[in-house]
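What follows is each chain in one-letter form.
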Amino acid sequence: MEFYKQILENNKEWVSNKLSSDPDFFKRLENGQQPPLLWIGCADSRVPANEIIGTQPGEVFVHRNIANMVVHTDMNMLSVLDYAVNALKVEHIIVCGHYGCGGVKAAMENKSIGLIDNWIRHIKDVYKMHTDELEAIEDEKERWDRFVELNVIEQVYDLAETSILQNAWKNEQKVVIHGWAYGVGTGIVNDLNVHLSGNEKLDEVYRLNF
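It should be emphasised that the depicted structure is a prediction, and the values quoted were computed from it without experimental measurement.

A. Spatial organisation of the overall build of the protein. When helices and strands are counted, the protein shows nine helices and five strands. Dimensions of the protein, computed from C-alpha atoms along their principal axes, come out at roughly 55 × 45 × 30 Å. Restricting the contact set of the protein to residue pairs at least 6 apart, pairs at least 24 apart contribute 63%. With an accessible surface of roughly 12,300 Å², the protein has 51% of that area assigned to carbon and sulfur atoms. The protein carries 20 positive and 32 negative side-chain charges, and their two centres are separated by 4 Å.

This is the structure we're talking about:
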């Protein structure tokens with residue numbers, strides 16, 4: 001209960017600090033949101049979206065799950081994506097993984113964890129797609145790091161394959177998808193240099209005609 005009480009006190013202190021530096025801070029938030037960015041990240045408690053990139057409340061629309069996955073049957077993720085693209089009109093989407101991701105590590109192993117095994121299987125599919133490259137890396141930590149990066153890249157492409165984004169691009173809406181890997185031990189973001197602003201780089205079978 002001490003922790004619970006402390007976070008309530010933390011909230012009061014946070015409000016006081018915000019109001020002392022900006023009396024209209026909460027009034028502006030009350031009027032609505034128009035964030036330019038959708039963040040799809042890992043649920044890991046060490047990877048807080050706003051703090052990493054120095055943004056304020058109202059500037060980032062956030063969706064998080066285990067290992068920052070974009071699963072094409074996940075209605076939660078798709079609902080967030082649809083609202084971000086079609087209602088908020090975000091201009092950027094960042095898929096941010098992180099080095100040391102436990103979900104990615106679990107996908108490298110064969111241990112059953114429980115219900116989450118079914119979610120981890122989607123990450124294992126990424127490993128299967130890149131088996132040759134990953135198995136060629138002898139150092140386990142380096143292989144883990146590379147798997148984190150490859151997983152992010154695949155999720156960027158999975159986003160681009162959605163009807164939501166392809167329809168937006170067809171209508172000449174400017175929205176770009178980016179892939180990042182965050183270093184928990186350094187605080188530094190690694191831009192993986194994967195940026196998609198259309199479906200031209202998708203395999204033909206994934207390109208939709210509207």
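B. Structural detail: the domain arrangement of the protein. According to the domain assignment, the protein contains domain 1 (1-31) and domain 2 (33-206). Each of domain 1 and domain 2 was reduced to a C-alpha centroid, and the two centroids are 30 Å apart.

C. The arrangement of the pattern of salt bridges in detail. Counted by the stated rule, this structure contains eleven salt bridges. When the shortest N-O distance is used, the salt bridge between Arg 46 and Asp 44 registers 2.8 Å. The exposure class assigned to Asp 44 is buried, which follows from its relative accessible area of 17%. What you see here is one network of salt bridges that share partners, running through Lys 105, Glu 109 and Glu 140.

D. Focus on the sheet that holds strand E1 (residues 37-42). Read from one edge of the open sheet, five strands run E2-E1-E3-E4-E5, paired in mixed fashion. Each edge of the sheet is formed by a strand with only one pairing partner; in this case those strands are strand E2 (60-65) and strand E5 (189-196). The mean angle between the axes of side-by-side strands here comes to 20 degrees, regardless of whether they run parallel or antiparallel. Strands E1, strand E3 (92-98), strand E4 (176-182) and E5 of the sheet are contacted by helix H8 (residues 140-160), whose axis makes an angle of about 30 degrees with E5.

E. Focus on a nonpolar patch on the surface. A cluster of nonpolar residues, Met 1, Phe 3, Tyr 4, Ile 7 and Leu 8, forms a patch on the protein surface that exposes about 590 Å² of accessible area. Here Phe 3 lies in helix H1 (residues 2-21). Classification of Phe 3 as exposed rests on a relative accessible area of 64%.

Rules behind the numbers
- Residues numbered from 1 in each chain as written.
- Predicted model: local features only at pLDDT ≥ 70, side-chain atom pairs only at ≥ 80, totals over all residues.
- Heavy atoms only, no water.
- Helix = DSSP H or I, 4+ residues; strand = E, 2+ residues; numbered from the N terminus.
- Contact = heavy atoms within 4.5 Å.
- Areas by Shrake-Rupley, 256 points an atom, 1.4 Å probe, with all protein chains shown as cover.
- Lys, Arg positive; Asp, Glu negative; His and termini not counted.
- Charge placed at Lys NZ, Arg CZ, Asp CG, Glu CD.
- Domains from an automatic or database assignment.
- Salt bridge = Lys/Arg side-chain N within 4 Å of Asp/Glu carboxyl O.
- Buried < 20%, exposed > 50% of the residue type's maximum accessible area, 1.4 Å probe, protein only.
- Pairing = 2+ DSSP bridges.
- Axes fitted to C-alpha atoms, helices over the stretch in contact; angles between N-to-C directions.
- Patch = residues over 30% accessible without salt bridge, like charges linked within 9 Å, V, L, I, M, F, W, Y side chains within 5 Å.

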